[in-house]
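# Residue-level structural notes
Below are the chains, spelled out letter by letter.
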Amino acid sequence: MKCPHCQTACSRSPNVSNLGRVGEIDGKVCFWSVEVHSCPECRKPVLSLIQSLLEPDSIPTVGFSVFRHPDDDRTRKSVVVPRGAARPLAPPEVPADIASDFNEACLVLVDSPKASAALSRRCLEHLLRERKVSTEENLSRAIEDALATHLPPNIGDNLDAIRNIGNFAAHPQKSERSGEILDVEPGEAEWNLDVLESLFDHYYVQPAKSAARREALDKKLAEVGKKPMKQP
Ligand SMILES: [Zn+2]
């Protein structure tokens, strides 16, 4: 799995503590376990609560492993620390203020899609300004500016759809005061977060990866006495 704190893939196997049987759902017995591990990279803790549904007459033995059916609908895993980590946090390449709005938008998504959408709209506006894609204060026009920069078609179409899914035409405040808490359309808050994830990759993660690759190559070129590559 990827560490929800630092996004590094961590292979260390987690410790599982079984909490035992608590409750029933649809005639099945719920068996609860907690999976804990610390990321080998950033050392932060990750705790997941696992619910397995068992036949009433089946008795899990000591050391019963919930991993027997990882993709099975009898087993459900939710990350409880860090909270709201059903969606990965913003990658480390993203500037702190933008990452903080995104992470908070993910955190409150389940409890308040309205608050989440307000944070994600504000986050989008800041991102487009920070990347110098647009200086517009109006989010709809800032999206227009971004579309004019020839984004990859899938990213551009999804960004454009933020305005339709959020019904910006009927709610101009979403463009004019992006961070205001307003009613949301079904799926709007999730959509905004999906689009932000792809924009983070496009504007921050991929350029950082390319820069690191160029730097490595320049180092090799320098070792053999050659000039560095041209800057993009
Ligand atoms: Zn980590």
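Summary of the structure given here.

What counts, and where the lines are drawn
Residue positions are given per chain, counting from 1 as you read along its sequence in written order. Totals for whole chains, interfaces and linings use every residue, but because this is a predicted model, local features are given only for residues with pLDDT of at least 70 and side-chain atom pairs only at 80 or more, for both listing and counting. Values shown for side chains rest on all heavy atoms present in the structure; no hydrogens or waters enter the calculation. The cut-offs for exposure are 20% and 50% of the maximum accessible area for each residue type, with area from a 1.4 Å probe on protein chains only; residues under the lower value are buried, those over the upper are exposed, and the others partly exposed. Put simply, DSSP marks the helices as runs of H or I at least four residues long and the strands as runs of E at least two long, and each gets a number from the N terminus on. Between any two strands, at least two bridges found by DSSP are needed for them to pair. Using only the protein atoms, space was sampled on a 1 Å grid; points where a 1.4 Å probe fits but cannot get out form cavities, open sets with protein on both sides within 12 Å along at least five of seven lines form pockets, and lining residues are those with an atom within 4 Å of a point. Grid points are joined across faces, edges and corners, and a volume is the space filled by probe spheres set on the points. Gly is placed with the polar residues, together with every amino acid not listed as nonpolar (Ala, Val, Leu, Ile, Met, Phe, Trp, Tyr, Cys and Pro) or charged (Asp, Glu, Lys and Arg). Throughout, the edges of the domains are those of an automatic or database domain assignment. Working definition: a ring pair exists when centres of Phe, Tyr or Trp rings (six-membered ring for Trp) sit within 6.5 Å. Plane angles under 30 degrees give stacked, over 60 give edge-to-face, the rest tilted. Angular values range over 0 to 180 degrees, each being the angle between N-to-C directions of two axes fitted as lines to C-alpha atoms, with helices fitted over their stretch in contact.

Strand 3 (residues 45-54) sits mainly inside the fold: seven of its 10 residues count as buried. Here strand 2 (residues 28-38) pairs with strand 3 via 10 bridges, running antiparallel. Within strand 3, the residue paired with Cys-30 across the bridge is Leu-53. As consecutive antiparallel partners, strand 2 and strand 3 are separated by six residues, and within that stretch Arg-43 has a phi angle of approximately 70°, a positive value.

Considered as a void within the structure, the largest pocket measures approximately 300 Å³ in volume. As for the largest pocket, its lining consists of 15 residues, of which Lys-2, Gln-7, Pro-91, Asp-201 and Val-205 are closest to the centre. The dominant element in the lining of the largest pocket, judged by the number of residues it contributes, is helix 6 (residues 188-223), at five residues. In the lining of the largest pocket, the residues fall into nine nonpolar, one polar and five charged. Looking at which domains feed residues into the lining of the largest pocket, each of domain 1 (1-57 + 66-86) and domain 2 (96-210) supplies at least three.

Moving on, we get to the packing of aromatic side chains. Two measures describe an aromatic ring pair: the distance that separates the ring centres and the angle between the ring planes. Per the stated rule, a full pass over the model turns up two aromatic pairs. Ring geometry for Phe-102 versus Phe-200: centroids 4.9 Å apart, planes at 75°, classification edge-to-face. Within this pair, whereas Phe-102 is found in helix 1 (residues 96-108), its partner Phe-200 is found in helix 6, the two being separated by 98 residues in sequence. Looking at Phe-102, the relative accessible area reads 1%, which means it is buried. By way of ring pairs, the aromatic residues Phe-102, Phe-200 and Tyr-204 are connected into one cluster.

This paragraph deals with the environment of Arg-177. Within the fold, Arg-177 resides in the loop between helix 5 (173-176) and helix 6. Counting along the chain gives 56 residues from Arg-177 to Arg-121, while the straight-line C-alpha distance between them is 9.2 Å.

Taken together, four strands build an open sheet; the order of strands is 1-2-3-4 and the sheet is antiparallel. Unpaired on one side and paired on the other, strand 1 (15-25) and strand 4 (75-81) mark the two borders of the sheet. Each adjacent strand pair in this sheet contributes to an overall mean axis angle of 25°, direction not counted. The pairing of strand 1 with strand 2 spans eight bridges and is classified as antiparallel. If you follow Gly-20 over to strand 2, its bridge partner there is Trp-32.

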